[in-house]
Amino acid sequence: MNTIIDSCFDKINEQGTQVFRKKDNQFYLHPWEDLGSFGGNDRTVAVGGEGIYLFDSEGNKLIDGPGGMWCTQIGYGREEMADAIAGQVMRSPYYSPFNLTSDISVLLAEKLARLTPGDLNTVFFTTGGSTAVDSALRLVAFYNNCKGRPNKKRIISRKDAYHGSTYLSASASGKTRDKNYQDFATDIISFIDSPNPFRKPRAMSVEEFRDLKVKELEDKILELGPDNVAAFIAEPVMASGGVVVPPVGYHRMCLDVCRKYDVLYISDEVVTGFGRLGHWFASEEVFDIIPDIITCAKGLTSGYLPLGACIVSDKLMAEMGGEQAKGVIFSNGYTYSGHPVACAAALKNIEIMERENILEHVREIEPYFLSKVKELEDIPIVGNVRGQGLMACVECLLNPEEESPLELDYEMGSRIDSQCQAMGLIVRPVINMNVMSPPLIITREQIDEMFKILRRGIEKAMDELI
Ligand code: PLP
């Protein structure tokens, strides 16, 4: 008998959803809450899940189009996950990573070292994606201090990137709308443009556009001075920025520029890792790069528990270590670094993905998924569709035919999401876009179901405009 869960169900059954909505409005400040509507929201109350579906408190079954937040790779309701988690809780629910180690965390570190490309073999565990990126950025500064280069500290990131919500990772994020009322480390982070081919001038070829964006990186390094630039950070496919798939060769060319000026390359695979693009990591297999640091989280545990990792190359570790490093402490870490229960969840999640050939499934079903995204192009307000692996974005515009199609309806994404939710599908709104990253176990039939609803949802939202 699980008294907490039972009493939660009892309350919902006795008092109904409205009571929970009221308490949600009264007590719960959500991530990215619009304070103008705080206290007056009408959120769906999630109470259960099975496979790719979520169940809400009113008995509706919803396809989880965004896969939680790009993370529910193996889907909901896996008893094996519950058993692994419960087993580790009873065995050893906590150890201090500062002065002890744990068998299960060691096994996961070894497994991750084997799954990452090249010589990325040292794993620093964190509590999620933001802390993985934060740790990577702190490590890069620490590395240059160790090497006697105290000025080599600037980080180059990209407009529209999202890297997290700690002070540093938020500073490296490039979405202008999120920047209005927060403070940031503007003295450390500089931005170049996003390589979004949809934003290129129509007369320019994709290759010319790519070369221009790579040149912007080189120009920025030269402007700041190579002796001052520590690292470039990039998501292989920009996720929250609207699933921006860069032109072919972009990352490889950026890495070459970084190597030319002794600038480290941080690949933020918080979304693209763990099968989202059909591989454990996209850096090498999809984009032909072996970065210096990879950050990951989300799909690492399929969202069953919070965990992240910052995985560092042998080369970097060797350059920071050795005799001369005696007494030099990498003073960065968390009470819950390498939490044993989260590590048990990650190991079980990886085991399930291997046993069920989930990476192969993603590679096999990707063309079908992307073809269904492409079919949406004929809806008049759809300006652009794009995607890779099992991530996709539909961007709606008021005037899709304009040369500069930037006249946006900021509520369009939310309106489409509301229409879709009423028909059984969640599609995460990002301003005028809706992004999708369903659980990786999704079948062809479920993809059909998803896109049938999405088409109707976009059409209904379009009718509201007229
Ligand atoms: N990096 C990327 C690419 C992300 O998309 C996110 C979250 O969406 C983060 C980092 C931050 O991860 P978390 O929310 O687990 O802290």
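In the block above lies the structure referred to throughout.
Remember, it's a predicted structure, so these values are computed and weren't measured experimentally.

Asker: Please provide a residue-by-residue account of the overall build of the protein chain, values included.
Answerer: Scanning the protein chain for helices and strands turns up 15 helices and 15 strands. Rg of the C-alpha trace for the protein chain: 22 Å, near the compact-globule value of 23 Å for 466 residues, within the 12% margin. Referenced to the eigenvectors of the C-alpha coordinate spread, the extents of the protein chain come out at roughly 65 × 65 × 45 Å. Per-residue burial for the protein chain yields a buried fraction of 45% across its 466 residues. Sequence separation of at least 24 residues holds for 72% of the intrachain contacts in the protein chain that already meet a minimum separation of 6.

Asker: Explain the nonpolar core residue by residue, including any values.
Answerer: Membership of the largest hydrophobic core comes to 116 residues, with the highest contact counts inside it found for Phe232 and Ala309. Here the element with the most residues in this core is helix H12 (residues 340-355); it accounts for 8 residues. Aside from chain neighbours lying at most four places away, what touches Ala309 is Leu112, Val123, Phe124, Phe125, Thr126, Ala132, Cys296 and Leu300.

Asker: Can you break down the sheet that holds strand E13 (residues 425-426) residue by residue, with the values?
Answerer: Within the open sheet, the 4 strands sit side by side as E1-E2-E3-E13. Their pairing is mixed. Looking at which strands have only one partner, the edges of the open sheet turn out to be strand E1 (46-50) and E13. Relative to strand E3 (residues 61-64), strand E2 (residues 53-56) runs antiparallel, the two being bridged by 3 bridges. When the sheet's bridge partners are listed, Phe55 is paired in E3 with Lys61.

Asker: Give a description of the sheet that holds strand E11 (residues 382-388) that names residues and reports values.
Answerer: If you trace the 4 strands from one edge of the open sheet to the other, you get E11-E12-E15-E14, paired in antiparallel fashion. With one partner strand each, in any of the chains shown, E11 and strand E14 (428-430) form the two edges of the open sheet. Between one strand axis and the next, the sheet turns by 20 degrees as a mean value, whatever way the strands run. Where strand E12 (residues 391-396) lies against strand E15 (residues 433-436), 4 bridges are found, and the strand directions are antiparallel. Its bridge partner lying in E15, Ala392 is registered against Met436. Along the sheet, helix H13 (residues 358-375) makes contact with E11 and E12, crossing E11 at roughly 175 degrees.

Asker: Describe the site of the ligand, listing the residues and the values that go with them.
Answerer: Gly128, Gly129, Ser130, Gly164 and Val270 are the nearest of the 16 residues found near the ligand. Counting residues per element, the shell around the ligand draws most heavily on helix H6 (residues 129-146), at 3 residues. Among the residues making up the shell around the ligand, the classes are represented as 7 nonpolar, 7 polar and 2 charged.

Analysis parameters
- Residues numbered from 1 in each chain as written.
- Predicted model: local features only at pLDDT ≥ 70, side-chain atom pairs only at ≥ 80, totals over all residues.
- Helix = DSSP H or I, 4+ residues; strand = E, 2+ residues; numbered from the N terminus.
- Rg over C-alpha atoms; globule rule 2.2 N^0.38 Å.
- Buried ≥ 20, exposed ≤ 12 C-beta atoms within 10 Å, placed from the backbone.
- Contact = placed C-beta atoms within 7 Å.
- Core = buried A, V, L, I, M, F, W, Y, C linked by C-beta atoms within 7 Å.
- Pairing = 2+ DSSP bridges.
- Axes fitted to C-alpha atoms, helices over the stretch in contact; angles between N-to-C directions.
- Near = placed C-beta within 6 Å.
- Nonpolar A, V, L, I, M, F, W, Y, C, P; charged D, E, K, R; others polar.

Purely geometric stuff here, so don't read any function into it on its own.
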